[in-house]
Amino acid sequence: MTKTKKIVDFLSLDIDTIRQSIRDIDDSYNNPWDILAELCQNAVDAIRKGKPSRGEIQIEINAPQKEIRIQDNGVGISPSDMPRLLKPFVPDKRTDEETIGEKGVGLTFVMFSCDDFYIKSGNNYGASEGMIKGAHTWKNSDSPEPVELIHKKISENVQGTEIVLQKVRECSIFNLKYP
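Because the structure is predicted, anything quoted here is derived from the model rather than measured.

Trainee: Give a detailed account of unusual backbone geometry, specifying residues and quantitative values.
Mentor: Positive phi values are uncommon outside glycine, yet lysine 66 reaches one of about 55°. Secondary-structure assignment places lysine 66 in the loop between strand 1 (57-62) and strand 2 (67-72). If you check the backbone angles, lysine 167 has positive phi at about 55° while not being a glycine. Looking at where lysine 167 falls in the secondary structure, it is placed in strand 6 (residues 160-168).

Put into C-alpha cells, the structure is as follows:
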C-alpha cells in the first residue's frame, strides 16, 4: 500500500524563484520615469482612498545622491499591515476599481530598484517605519540569504506615507537638468 503524503508548503517559493520573478518585473519596465510613475500612482490612490480635505504629494529628486523621496497625506498604512504589504507581489488594490496601476508589482519594482528603501506611514491605527537594505544588490546576486525588512512601530503622529529611495540604480532621470 502506498502512503499518501500531504505537502503543505507546495505554494511557497524558494529564494531563487522569488529573485527571478523580481528580475522579470524589473525587465517589464522600460522608461526612466517608471519609478516616479509607480510612486505617484500609489500616492494618488492613497489620497483618493483617504479623502483628505486637500490632497498633497511632495516629490524630491536629489540627482547627486541618487535619491528619490515622495510623501503624501493619503490613507496611510497601519503598522500591522506594513510587513504584509511590503512583501513582493502582495497587492492591496485588487478589489478596488478606482485605483490605477497593475495592482501588486509596482512597489516591488520600486523597492528592488534601489539599495536603500525606507518607508514611514501611519493613520488612525498608529504609525511605523520600514527599511530594506541592499535590495538591488541582492536582486542581482546569487546570495542564498533573503533580503530583510526591518520594521518598527513609532510613536510619531503620521497621516499618510513617505517613501525614500537611496542608491537608486543607474537611471537617466538623474541626468535631467533643472531648467
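Trainee: Give a description of the nonpolar core that names residues and reports values.
Mentor: Membership of the largest hydrophobic core comes to 30 residues, with the highest contact counts inside it found for Ile35, Leu39, Ile68, Phe117, Ile163 and Leu165. Contributions of two or more residues to this core are made by helix 1 (15-28), helix 2 (34-50), strand 2, helix 3 (82-85), helix 4 (106-111), strand 3 (114-123), helix 5 (135-139) and strand 6.

Trainee: Give a detailed account of the sheet that holds strand 2, specifying residues and quantitative values.
Mentor: Strand order in the open sheet made by the 6 strands is 1-2-6-3-4-5, with antiparallel pairing throughout. Looking at which strands have only one partner, the edges of the open sheet turn out to be strand 1 and strand 5 (149-154). Ignoring which end each strand starts from, the neighbouring axes of this sheet average 10° apart. As defined by bridge partners, strand 2 adjoins strand 6 across 5 bridges and the pair is classed as antiparallel. Bridge pairing links glutamine 71 to glutamate 162 in strand 6. The strands touched by helix 2 within the sheet are strand 1, strand 2 and strand 6, with strand 2 carrying the most contacts at an inclination of about 10°.

Parameters and conventions
- Residues numbered from 1 in each chain as written.
- Predicted model: local features only at pLDDT ≥ 70, side-chain atom pairs only at ≥ 80, totals over all residues.
- Heavy atoms only, no water.
- Helix = DSSP H or I, 4+ residues; strand = E, 2+ residues; numbered from the N terminus.
- Core = buried A, V, L, I, M, F, W, Y, C linked by side-chain atoms within 4.5 Å.
- Buried < 20%, exposed > 50% of the residue type's maximum accessible area, 1.4 Å probe, protein only.
- Pairing = 2+ DSSP bridges.
- Axes fitted to C-alpha atoms, helices over the stretch in contact; angles between N-to-C directions.
- Contact = heavy atoms within 4.5 Å.

Function cannot be read off these values alone, since they describe shape.
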